[in-house]
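Here are the chains, one letter per residue:
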Amino acid sequence: MHKSILLAILPLAVFAAKEPQSWPLTGVVTEECAVAVSCHPMLYAAATQGREDAIKSELRVRDSKGHDIPYAFRAAKTRVVDEVKDWRELKITRVTEADGRLVVDAEFPAGSSNPERFLALKVATPLTDFEQSVEVSSEGVPLASGVLCDYRKFADLRVTEMPLEASYRRTLTVTFAKPTSEAAAAAFERTIRENGEGKLEAKSVRESVVNRPFRIDSLSVAVPRTRVSFEAAPPMEVYAAGSVETDAKAKKSVLEAVVFGLPVTAISINATDRNFSRKVAVFRRMDVRWRPLATGRISAVNLPGEKKRDLEIAFGREVREAALRVEIENDDNPPLNIATSMDGPARFPLMLKVAQYDIVFVATPGEKYSLVVEPGADRPRYDEAILGYIDRVQDPVRFEISSDNFFGENGVLGGKDGPTAIWLTAPFDVIPFISGIVFVVLGLICIRLIKSSTPPKRES
């Protein structure tokens with residue numbers, strides 16, 4: 001399920017070495033099979049900050065006896081179910097010409113499973129340049145009507161199928177309004193008359209017309225079929241608190257936020273102004289310097305006849321950084337109003353779009369599992385036979401991180417020993433105001449301490 005996540009900055013302690021942290025999983029399987037659990041932002045925050053691919057090295061899946069379970073860390077997929085047309089050719093049993101119309105009786109092929117309903121009728125014909133009215137009935141009951149055509153001498157248009165929304169019928173009668181169709185012949189007849197002096201007296205041109213039988217190669221009906229496919233899961237929306245300052249001399253607004261190595265693909269700035277267009281530069285913090293990461297423009301127009309809003313800067317790839325800095329060029333315009341209050345997700349200054357990942361492993365009935373983050377641990381190496389099996393399972397059973405472990409005392413995520421400022425909520429849920437203020441203050445203190453200890457320099 002797509003949810004919004006609020007990520008207030010953790011205290012400075014997250015940058016120091018931490019003890020292993022554990023999160024129980026909930027879920028039941030009736031047989032040994034692959035299961036998946038979403039990699040929550042809390043897990044990234046618990047891993048060593050600044051370490052490349054820390055989550056892949058320090059994450060463990062453990063059973064109730066404390067044994068490590070092989071797992072795969074892979075991009076999350078969404079199961080997509082579509083209804084598509086499955087064409088079945090009918091058996092033509094009789095063809096008659098009555099009352100100037102062509103009547104074709106057909107029946108659904110024997111030996112195949114009977115569908116619940118039909119979706120469409122298709123007529124295969126070798127003819128071109130025609131127009132044909134069609135009626136479909138079953139045992140005297142009208143079901144559908146439509147027009148088939150081929151206008152290729154005028155335009156690239158050919159229609160040989162028509163809607164047939166009807167419940168299943170064993171037999172169908174398809175009636176065509178024209179048993180034959182007319183078409184101009186390629187040759188024509190020309191007559192020239194001359195008088196006795198050899199002068200042209202008259203000329204006539206007569207085109208011939210060919211009557212063609214409406215040839216039917218086959219009749220087919222479309223029946224519904226369920227198609228299951230798997231697509232990349234949409235990104236999570238992670239709302240991050242941060243500092244917002246105005247540099248009057250440089251004519252810029254500067255926003256800084258700690259993002260804990262999350263796989264960010266885009267950011268959105270929560271500017272509340274109505275009409276503006278500003279250049280934006282995004283920087284990442286490396287070697288105590290702010291280095292360029294991406295540039296773009298945010299804008300909003302709310303005027304009569306024109307309304308649009310685009311506050312997103314896309315990276316075009318996953319970016320895993322400890323912190324991000326956003327500079328908005330104000331030029332001679334007043335600084336933008338960037339939301340920083342705590343009365344809901346929409347009020348955080350920065351929204352991150354974060355790629356979703358799954359932790360997939362093989363679970364056994366009756367066993368209990370937990371996720372563990374061990375700061376400083378080496379990257380695990382598991383048996384390829386297990387990893388190969390996991391990779392082939394596209395639709396594993398879903399497990400969840402225990403909700404009791406998300407929220408400890410006072411609504412704090414992860415309890416007193418875990419990360420203390422991430423909330424998981426449905427969109428538009430209201431966050432407890434007092435707790436929010438406390439954590440934003442901690443976040444601002446965190447940023448101040450970072451700046452005072454190792455002041456980063458911007459590098460163009």
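Because the structure is predicted, anything quoted here is derived from the model rather than measured.

Cut-offs used in this document
Residues numbered from 1 in each chain as written. Predicted model: local features only at pLDDT ≥ 70, side-chain atom pairs only at ≥ 80, totals over all residues. Heavy atoms only, no water. pLDDT = per-residue confidence, 0-100. Contact = heavy atoms within 4.5 Å. Buried < 20%, exposed > 50% of the residue type's maximum accessible area, 1.4 Å probe, protein only. Helix = DSSP H or I, 4+ residues; strand = E, 2+ residues; numbered from the N terminus. Pairing = 2+ DSSP bridges. Phe/Tyr/Trp six-rings, centres within 6.5 Å; stacked < 30°, edge-to-face > 60°. Lys NZ or Arg CZ within 6 Å of the ring centre and 35° of its normal.

Asker: Would you mind going over the confidence of the model for the chain in detail, with residue names and values included?
Answerer: Summary statistics for the chain give a mean pLDDT of 82 and a share of 75% for residues scoring 70 or more. Contacts for the low-pLDDT stretch residues 9-17, under 50 throughout, to residues beyond four places or in other chains number 29 contacts. Predicted confidence is poor over residues 407-439, with pLDDT under 50, and the contacts of this stretch with residues over four places away or in other chains come to 77 contacts.

Asker: Mind laying out the pairing of strand 18 (residues 236-240), listing which residues take part and the relevant values?
Answerer: Across the five residues that make up strand 18, a large majority, four, are buried. As judged from the five bridges shared by strand 18 and strand 27 (residues 350-354), these two strands associate in the antiparallel manner. Paired with V238 across the two strands is L352, which belongs to strand 27.

Asker: Break down the packing of aromatic side chains for me, with residues and values.
Answerer: Counted under the stated rule, the structure contains nine aromatic pairs. Centroid distance F108 to Y168: 5.5 Å. Interplanar angle 90 degrees. Geometry classified as edge-to-face. With a gap of 60 residues between them, F108 in the loop between strand 8 (101-107) and strand 9 (117-124) and Y168 in the loop between strand 13 (161-167) and strand 14 (171-176) connect regions that are remote in the sequence. The residues F108 and Y168 share a single accessibility class, namely buried. Aromatic ring contacts, followed pair by pair, group F108, F118 and Y168 into a single cluster. Here the guanidinium or amino end of K122 rests over the ring plane of W87, the centre of that ring lying 4.3 Å away.

Asker: Which residues make up the sheet that holds strand 2 (residues 21-26), and what are the values?
Answerer: For sheets, the rule is that strands pair by backbone hydrogen bonds, running either parallel or antiparallel. If you trace the four strands from one edge of the open sheet to the other, you get 4-29-2-31, paired in antiparallel fashion. The strands lining the two open edges of the sheet, one partner per strand, are strand 4 (59-63) and strand 31 (400-401). Bridging between strand 2 and strand 29 (residues 369-373) involves four bridges; their strand directions are antiparallel. When the sheet's bridge partners are listed, W23 is paired in strand 29 with L371.

Asker: Tell me what's going on with the side chain of S253, and back it up with residues and numbers.
Answerer: Inspection of the secondary structure puts S253 in strand 20 (residues 252-258). What S253 contacts, discounting residues up to four positions off in sequence, is E245, T246, V326, E327, I328, N330, P335 and L336.

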